Amino acid sequence: MLRSPTPFLRTMLLVVLASLFVVMSTAFVSIPQAIGGHPGEARIAGASSMAFHAT
């Protein structure tokens, strides 16, 4: 009796892609939150300080 591996492969692919989506979504949200901006953005020195300056 030969069985086609198609249902198993389809289920495995679905599980792998769903897991990858969850990991990538979490990383896309948590990494910028942790470092205060997206990686690769230009940072201006002192721009993140909340001190008031009248000039």
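Conventions adopted
Residues numbered from 1 in each chain as written. Predicted model: local features only at pLDDT ≥ 70, side-chain atom pairs only at ≥ 80, totals over all residues. Heavy atoms only, no water. Helix = DSSP H or I, 4+ residues; strand = E, 2+ residues; numbered from the N terminus. Buried < 20%, exposed > 50% of the residue type's maximum accessible area, 1.4 Å probe, protein only. Areas by Shrake-Rupley, 256 points an atom, 1.4 Å probe, with all protein chains shown as cover. Expected span 1.5 Å × (residues − 1). Patch = residues over 30% accessible without salt bridge, like charges linked within 9 Å, V, L, I, M, F, W, Y side chains within 5 Å. Salt bridge = Lys/Arg side-chain N within 4 Å of Asp/Glu carboxyl O.

As for the overall build of the protein chain
A tally of helices and strands in the protein chain yields 1 helix and 0 strands. Counting across all 55 residues of the protein chain, residues that qualify as buried make up 4%. When the accessible surface of the protein chain is summed, it comes to about 5,500 Å², and 72% of that surface belongs to carbon and sulfur atoms.

Considering helix α1 (residues 6–35)
Spanning 30 residues, α1 covers 43 Å between terminal C-alpha atoms, matching the ideal 44 Å at 1.5 Å per step. Positive backbone phi, at 80°, marks G36, one or two positions downstream of α1.

Some thoughts on a nonpolar patch on the surface
Taken together, F8, L9, M12 and V16 make up a surface patch of nonpolar side chains, about 400 Å² in accessible area. Residue placement: V16 occurs in helix α1.

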